[in-house]
Structure formats: structure tokens, C-alpha cells
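Take a look at the letters that make up each chain.
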Amino acid sequence: MDYLELMSQLKALGTEQNCKIYKKHGATGELYGVSFANLEKLKKQIKVDHQLALKLWDSSNYDARILATMIADPKAATDTMLENWLSNIDCPPLSDQFSTYVSKTSLVEEKIEKWASSDDEWIGCTGWNLLAKLAVTEKILPDEFFEKYLNIIEKDIHTRKNYIKSSMNKALIAIGVVNSNLEEKALKVAAKIGKVEVDHGDTSCKTPDAAEYIKKTLAHREQKASKAKQKASK
């Protein structure tokens, strides 16, 4: 798809109401307010187009950057590209979408190591978001990989910057549902750190209780597996 044509489509799909919502969640600069549902439709239409993704990101338009993370080729990611895109992250939704893309690249573990240790709010936030994404993928990693981050969460979460705390809490939940061993360790960390205070601004977002969310997720997973087993036995 042609870049200019796509930008025109994005502008036509935007709404003022979505712009207001996205701004409440931290979006800055030019934005059209395109719904995620419409971005998903464009993603299905375009599939993977790395060169187009690079142009979209360089536009500096918020909606275009979200779409860029959805159509960029993980195999074509370079260190320079990821660091460049990271330098433009300035709000939670963009950090989350970018980390989804990075989690599919070969640089994921290296970037977690580097970014999660940063004191910069958006770099640190993205690093911990990335860890949460990695925890829920099908990639098999040793428990020790996640345990070292559980130790950091237990020690540092209450002293980190606002959105880093939010992402660390998210990572704690994701690690807690990897397997029974990590569940036990994550629940112990959750009990020790207690309530995590995050300022979500003028939004309806709330910081989930990690222990409660881990248990709820695992219960839902067991219920789903039980239903599938019953269906298969019929």
C-alpha cells in the first residue's frame, strides 16, 4: 500500500472522541484517533511491510506509529532501529505496542537486560513491558531467567518511576503464570511488596493486585482446559 494513501486513510478513520481518549493516556503530537479495531483491519490488509512501517514511524503521527509496530517485520529489526524507535516512546500505549513488536525479534532478551535496568521512565517502562510479553510467549526459558527479575521487583518496585512501577507489576503477574514454580515465587514477591501505587492520570485505569490477578488468571486457564477436555471426550 502507498504511504500517502495510507496516511489519508488513517486521517479519515480517526475520530475526535478517540483523540480525547488517547490524549488522556498520554499520546502527544499529531494524532487522528483511529480505533484499534480499524488498525487491526489495516494490519490484516497490509500484513507485513517493513519499509512502509519505517515510513509510518518517521511520520511522528501517533496512529501511524501504532500501526507501524503492527506491520513491521520482526526479522528485519536492527539494534539501531529499535533504539531509534525507543527514543520516541512517550506514553504507555505506545510503549506496550512497541514491546509487543520487540518481543518477536531476536534481540528481545538483550533489550530486556538493557532497558529494564534504565532509570529513564519510558525506557524502563518498555523494558519491563517487554519482559511481561516474553513471559507469555511460547518460548521456553529457564526459571532462573525470570527469577532474577522477581528479585529486582521485590527490591526496587516502590522506588522506581511511576510507569516503570506499573510495568514491573505487569511483569510480576506475567511471570506468575508461567509455571507452578514461578507462580509460588511470584506470589511470595507480591505478598512482600503489597499494594503498588501508580498514578494513571485522568483515566479509568487501575493497578491490579498481582497476587489476585495471578490466581484469577490461573483459575480461568484451568477452567478453559477443563471445558476443552470435556468437549474432546464427547
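Shown above is the structure to which this text applies.
Treat the numbers as computed from the prediction; the structure is a model and nothing was measured. Every chain is numbered on its own, with residues counted from 1 as its sequence reads. Only residues with pLDDT of at least 70 are given local features in this predicted model, and only at 80 or more are side-chain atom pairs given and counted; all residues enter the totals for whole chains, interfaces and linings. Computation of side-chain values: all heavy atoms of the structure, hydrogens and water removed.

Some thoughts on helix H5 (residues 62–71)
In plain terms, the rule: Each residue is placed in one exposure class: buried if its accessible area under a 1.4 Å probe, protein chains only, is under 20% of its type's maximum, exposed if it is over 50%, and partly exposed if it falls in between. Segments assigned H or I by DSSP are reported as helices when at least four residues long, segments assigned E as strands when at least two residues long, and all are numbered from the N terminus. The contact definition used throughout considers only heavy atoms, calling two residues in contact when any of these lie within 4.5 Å.
Most of H5 sits out of view: ten of its ten residues are buried. Along H5, the residues classified as buried are Tyr-62, Asp-63, Ala-64, Arg-65, Ile-66, Leu-67, Ala-68, Thr-69, Met-70 and Ile-71. Buried positions along H5 lie against helix H1 (3–13), helix H2 (16–24), helix H3 (36–46), helix H4 (50–58), helix H6 (79–86) and helix H7 (92–102).

Quick notes on the nonpolar core
Inclusion rule: To form a nonpolar core, buried Ala, Val, Leu, Ile, Met, Phe, Trp, Tyr and Cys residues must be joined to one another through side-chain atoms within 4.5 Å.
Of all hydrophobic cores here, the largest spans 76 residues; its most connected members are Leu-10, Leu-56, Leu-67, Trp-128, Leu-131 and Leu-172. Excluding residues within four positions of it along the chain, Leu-10 makes contact with Tyr-32, Val-34, Leu-39, Leu-42, Ala-64 and Leu-67.

Considerations on the packing of H6 against H7
Where we set the bar: Note on definitions: angles span 0 to 180 degrees between N-to-C directions of axes, and those axes are lines fitted to C-alpha atoms, for helices only across the stretch in contact. Comment on the angle field: the value is read as roughly parallel under 35 degrees, roughly antiparallel over 145, roughly perpendicular from 65 to 115, and oblique elsewhere. Under this grouping Gly is polar, as are all residues other than the nonpolar Ala, Val, Leu, Ile, Met, Phe, Trp, Tyr, Cys and Pro and the charged Asp, Glu, Lys and Arg.
Following both chains from N to C, one finds H6 and H7 inclined at 170°, their axes separated by 11 Å at the closest point. On the basis of the axis angle, H6 is roughly antiparallel to H7. Only Phe-98, Tyr-101 and Val-102 of H7 make contact with H6, whose side of the interface consists of Met-81, Leu-82, Trp-85 and Leu-86. Counted by class, the contact of H6 with H7 contains seven nonpolar, no polar and no charged residues.

A short note on the side chain of Arg-160
Counted only if it meets this: Charged residues are defined narrowly, with Lys and Arg counted positive, Asp and Glu counted negative, and His plus the chain ends left uncounted. Salt bridges, as used here, are contacts in which a Lys or Arg side-chain nitrogen is within 4 Å of a carboxyl oxygen on Asp or Glu. In the analysis that follows, any N or O atom pair within 3.5 Å is treated as a polar contact, provided that within protein one partner can donate a hydrogen and the other can accept it, and provided that, for residues neighboring in sequence, both atoms belong to side chains.
Residue placement: Arg-160 occurs in the loop between helix H10 (143–156) and helix H11 (162–176). No salt bridge is formed by the buried Arg-160. Its closest oppositely charged neighbour is Asp-119, at 4.3 Å. There is a polar contact of 3.4 Å between the side chain of Arg-160 and the backbone oxygen of Ala-116.

Description of the layout of surface pockets
Rules: Throughout, the protein atoms alone are placed on a 1 Å grid, and a set of points is a cavity if a 1.4 Å probe fits but cannot get out or a pocket if it is open with protein on both sides within 12 Å along at least five of seven lines; lining residues have an atom within 4 Å of a point. Grid points are joined across faces, edges and corners, and a volume is the space filled by probe spheres set on the points.
As a volume, the largest pocket reaches approximately 650 Å³. Secondary-structure elements contributing two or more residues to the lining of the largest pocket are H2, H3, H5, H7, helix H9 (121–135) and H11. By residue number, the principal contributor to the lining of the largest pocket is H11, which donates six residues. Its residues placed into classes, the lining of the largest pocket shows 14 nonpolar, ten polar and five charged. Computed from the structure, the second largest pocket encloses a volume of approximately 370 Å³. The wall of the second largest pocket is formed by 22 residues, among which Ala-135, Val-136, Thr-137, Ala-174 and Val-178 lie closest to the centre. Secondary structure elements with two or more residues in the lining of the second largest pocket: H9, H10, H11 and helix H13 (210–233). Ranked by the residues each element gives to the lining of the second largest pocket, the list is headed by H9, at four residues. For the lining of the second largest pocket, the class distribution of residues is twelve nonpolar, three polar and seven charged.

Topic: the side chain of Ser-99
One can find Ser-99 in helix H7. Looking at Ser-99, the relative accessible area reads 0%, which means it is buried. Here the side chain of Ser-99 touches Asp-96 through a polar contact of 2.8 Å, landing on its backbone oxygen. Not counting residues within four places of it along the chain, the set of residues in contact with Ser-99 comprises Thr-126, Asn-129, Leu-130 and Lys-133.

A word on the state of the cysteines
Here a disulfide denotes one covalent bond, and it connects the sulfur atoms of two cysteines. This is how it is decided: The criterion for a disulfide is a pair of cysteine sulfur atoms lying within 2.5 Å.
The full count for this structure, using the stated rule, is zero disulfides. Cys-91 provides the cysteine sulfur closest to Cys-125, a residue in no disulfide bond, and the two sulfurs are 9.3 Å apart. Residue Cys-125 is classed as buried on the basis of its relative accessible area of 2%.

What to know about the pattern of salt bridges
For the structure shown, the criterion picks out eleven salt bridges. Here Lys-24 ties to Asp-202 by a salt bridge, and the two come within 3.8 Å at their closest N and O atoms. Separated by 178 residues along the polypeptide, Lys-24 in helix H2 and Asp-202 in the loop between helix H12 (180–193) and H13 bring together distant segments of the chain. The closest approach of N and O atoms between Lys-111 and Asp-79, which form a salt bridge, is 2.4 Å. In this pair, Lys-111 sits in helix H8 (residues 108–115) while Asp-79 sits in helix H6, placing the two residues 32 residues apart along the sequence. On the accessibility criterion, Lys-111 (1% relative accessible area) is buried. Taking the relative accessible area as the measure of exposure, Asp-79 reaches 35% and is therefore partly exposed. Overlapping salt bridges, with partners in common, bring together Asp-79, Glu-83, Lys-111 and Lys-114 in one network.

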